[in-house]
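Summary of the model geometry
Next come the chains, spelled out residue by residue.
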Amino acid sequence: MTETQGINNETELAVQNVKAYLLKHSTKSNISLYDHLSQVLCRILDERPDNAVDVFEDISKEVKHERFSKKLDTLHEETDVLSTLEIAEVQKSLFVKNPEAEQEDFESPLPNIMEMASSFEQAGVGLCRDEMFHIFLSIKQLVDMVPLKKCRLWGKILGIKGNYIVVEAEYLEGEDDEGMEGENEGEEEEAEEMQEEDESAERLPKSAYKPPPSVPKEENRTGVNKYTYFVCGEPGRPWVKLPMVTPAQIVGARSIQKFFTGFLDTPIISYPPFPGNEADYLRAQIARISATTHVSPLGFYQFEGAEDEEEEEEEEEEEEGGAAKDTFEENPEFEGIPPAELIESLSNWVHHVQYILPQGRCVWVNMSQKKEHGDEEEEEEEEEEEEEEEEKDEGADQAQPEVGPPLLTPLSEDDETDIAPWTARVSSSLVPQYSIAILRSNIWPGAYAFAGGKKFENFYLGWGNKYVRENYCEELVPKPQAEYPIGPEINEVDDPTLEEEERMKAELEEKRLAEEENEEEEEDAEEGDEGDEDD
C-alpha cells in the first residue's frame, strides 16, 4: 500500500468519526447536531435572507421551536399571557373619560403630577414619564371615586415581588373613616364574645401577671394619623386604604428591618414580634419617613392665627411641655428663597410634619394616671393593688413627659451623630437662574425634596428602610427567667457516706445519753428538795 492510499484511508476514517459524532443524539432533545444543521441550512437556502450570518441564531431557534411545538392543525395554539399584556389590559380603563366627573363644578384635589415629575427630572430623580402619566390617570380615578379634600403623590416603595404606589390624602369634612370604625367595633364585640365563651367553658387557674396597658392610638386627622394613605401595585389596579397606625406598630417597626413583598396580607415574621401584617408595617414606615424627611422652605408655612413672631413665641411658651402647635397654613407673603441660599444653609429648610416621640405618638400620654374602668368590682380590686404597690411605685405618677422638637424646626438642628442627615445641591450650575434646589436625605435613602421659586415638593422612591451604618443585626432573644430563687435552702445536698452516717449516729446517741443523765439528776434534786420541805 502506497503512502497516498494510507493518507486517504486516514482522512476517510477521520471524516467518519466526525460524522458519527455529529450524528450522536442528544440525551435531552433526542436529536442530532447533524440533522439540526441540515434543517437550518435548508431553511437558509430556501429563504435566502440578506446577511444570513446575522440571522443564523434566530433561524436555529425557530427550527427548534417548530420541532417541539404542538401541531394542532386548525386549532389555535395556546399562548401564555405576558405580564406586560395583562397590565396593558388593566390600564385600558385609565384612558376612558368619565363624563360625570367633567360636569361637576368644584375645585378638584387632583395634583399636577406631571409638573412635579418635570421638576424632579431636572435632578435625575423620579420615574419615567410614561409611568408618571399612568400614575396621574390612576390618581384621577381615585379622586373621582373617593371624596377627598387634598391629595398628593407620596412616592413609591419598592418590594421583592411587587411595589407600592403611595398616595397621601385627606378626606372632606364629615367623610372620615366611618366604615373602618364600624369594622373595629365589630371586631371588639367578637373578641368579647370569645372571651366570655372561654370563661364559661372551664374555670382554670389564672395567672396573676397583668401586661402593661397599651398606649392608645391617636385619633384620625391628628398626629401620625393626620392623613389617610392609599396604595396600589400598578397604575390601573384598585386602590387600597391602609389602616391607621398604632404606637405599638411604630415602636415595633423601629426594632426590625424587613423588605416588602408587595402583598399587604403577608405576615411579618421578626424578633421582636411585630403587631400586624405587611399593611400595618407599611403604614408605620410611611409615618416614620414622613416625620423625618418631609421638609419645606423657611417661611412657606406659618402657624394659624400667628400675626408676628412675638405672638408665636408667647403661645408656644403657654403650651404644656413647651410643644409647638400642630396646625399651620400657607404664608401668602412668601416670595421664595433663591436656590443658592437653600443649598448654602440648612437653616433655610424646616420640618412641617410632627416629630414622633419614643412612645410612638406625636402627643405624649401619661400611662401612669388612673384609667376609667367599666366594672366597679374591677375598680375596687385595682385600687387595693395600687395601694399595696404605692410604696414601691412612688415615682410612677411623676413620669416625665416626652418632648420632641416643635413644628417648623430648621434642619440645621437635626442630629448628626452617625451621618450628615442631608445633602443639598442645585439641579444645574450652568444655568443657575432656572435651576432648583434639591435636598436628599441620608438617613432615609430615597427621600428627596425640591424647591424653586414659590413651589416645593417631597417625594420618596426607595425600599422603605432606614440607613444603617453597620451591618444590621437582629435583637438577641433574652435569657429565660428563673422559675424560683436559687439558694442553700433549695439546692439539693449530696448523700452522706457510711462513715459519716455512723459518726452522726454515735454523736446523736451520746447527746441522748447525756440528756437522760441530766434529766435523772434533775429528778433526784427535786425529790431531795421535797424531803427537806417535809422535815
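What counts, and at which threshold
- Residues numbered from 1 in each chain as written.
- Predicted model: local features only at pLDDT ≥ 70, side-chain atom pairs only at ≥ 80, totals over all residues.
- Heavy atoms only, no water.
- Phe/Tyr/Trp six-rings, centres within 6.5 Å; stacked < 30°, edge-to-face > 60°.
- Helix = DSSP H or I, 4+ residues; strand = E, 2+ residues; numbered from the N terminus.
- Buried < 20%, exposed > 50% of the residue type's maximum accessible area, 1.4 Å probe, protein only.
- Pairing = 2+ DSSP bridges.
- Contact = heavy atoms within 4.5 Å.
- Axes fitted to C-alpha atoms, helices over the stretch in contact; angles between N-to-C directions.
- Salt bridge = Lys/Arg side-chain N within 4 Å of Asp/Glu carboxyl O.
- pLDDT = per-residue confidence, 0-100.

Let's talk about the packing of aromatic side chains
Think of a pair of aromatic rings as described by two things: how far the centres are apart, and how the planes are tilted against each other in angle. Overall, the coordinates contain 13 aromatic pairs when judged by the stated rule. Residues W154 and Y460 carry aromatic rings whose centres are separated by 5.5 Å and whose planes lie at 40° to one another, so their mutual orientation is tilted. Residue W154 is located in strand 1 (residues 148-157), and its partner Y460 is located in strand 12 (residues 455-462); the two are separated by 306 residues in the primary sequence. Judged by relative accessible area, which is 0%, W154 ranks as buried. Ring geometry for F260 against Y281: centres 5.2 Å apart, planes inclined by 35°, an arrangement best described as tilted. Taken as a pair, F260 in the loop between helix 9 (247-253) and helix 10 (278-293) and Y281 in helix 10 lie far apart in primary sequence, 21 residues in all. One aromatic cluster is present, built from ring pairs that chain together F300, Y301, F328, F334 and F456.

Here's the deal with the pairing of strand 1
Among the ten residues of strand 1, eight are classified as buried, and the element is accordingly described as predominantly covered. Here strand 1 hands over to strand 2 (residues 164-171) after six residues, the two strands then running antiparallel side by side. Sheet topology note: the strand 1/strand 12 ladder contains three bridges and is parallel. Counted as the bridge partner of G155 is Y460 from strand 12.

A few points about the sheet that holds strand 2
Within a sheet, adjacent strands bond to each other through the backbone by hydrogen bonds, running parallel or antiparallel. Strand order in the open sheet formed by eight strands is 4-3-2-1-12-11-10-9, with mixed pairing between adjacent strands. In this open sheet, the two strands that pair with only one neighbour each are strand 4 (240-241) and strand 9 (422-426). Pairing geometry for strand 10 (residues 437-441) and strand 11 (residues 447-452), over four bridges, is antiparallel. Bridging across to strand 11, R440 finds its partner in Y448. Against the sheet, helix 7 (residues 129-145) touches strand 1, strand 2 and strand 3 (228-232), its axis set at about 145° to strand 1.

Observations concerning the environment of K24
Take K24: it is sitting in the loop between helix 1 (3-22) and helix 2 (33-47). Sequence-distant contacts of K24, defined by excluding residues within four places in its chain, comprise I31, S32 and L33.

Considering the environment of L346
By secondary structure assignment, the location of L346 is in the loop between helix 12 (339-344) and strand 8 (349-351). Once the C-alpha coordinates of L346 and P297 are considered, the two residues, 49 residues apart in sequence, prove to be 9.5 Å apart. Beyond its immediate sequence surroundings of up to four residues, L346 is in contact with L411, S412, W422 and L439.

Overview of the environment of Q302
Here Q302 shows up in strand 6 (residues 301-303). Apart from the residues within four sequence positions on either side, Q302 is in contact with F328, E329, E330, N331, P332 and L408.

So, the pattern of salt bridges
As enumerated under the stated definition, the model contains 14 salt bridges in all. K92 serves as the salt-bridge partner of E89, at 3.4 Å between the closest nitrogen and oxygen. The partner of D144 in a salt bridge is K140, with the nearest N and O atoms 3.4 Å apart. With a gap of four residues between them, D144 and K140 both fall in helix 7, about one helical turn apart. The network of salt bridges with common partners includes R43, E47, E62 and E66.

A short note on the confidence of the model for the protein chain
Mean pLDDT for the protein chain: 81, with 79% of residues reaching 70 or above. Note that residues 178-188 has pLDDT below 50 and, in this model, five contacts with residues that lie over four places away or in other chains. Segment residues 315-324 is flagged for pLDDT under 50; beyond a separation of four residues in sequence, or across chains, it makes eleven contacts in the model.

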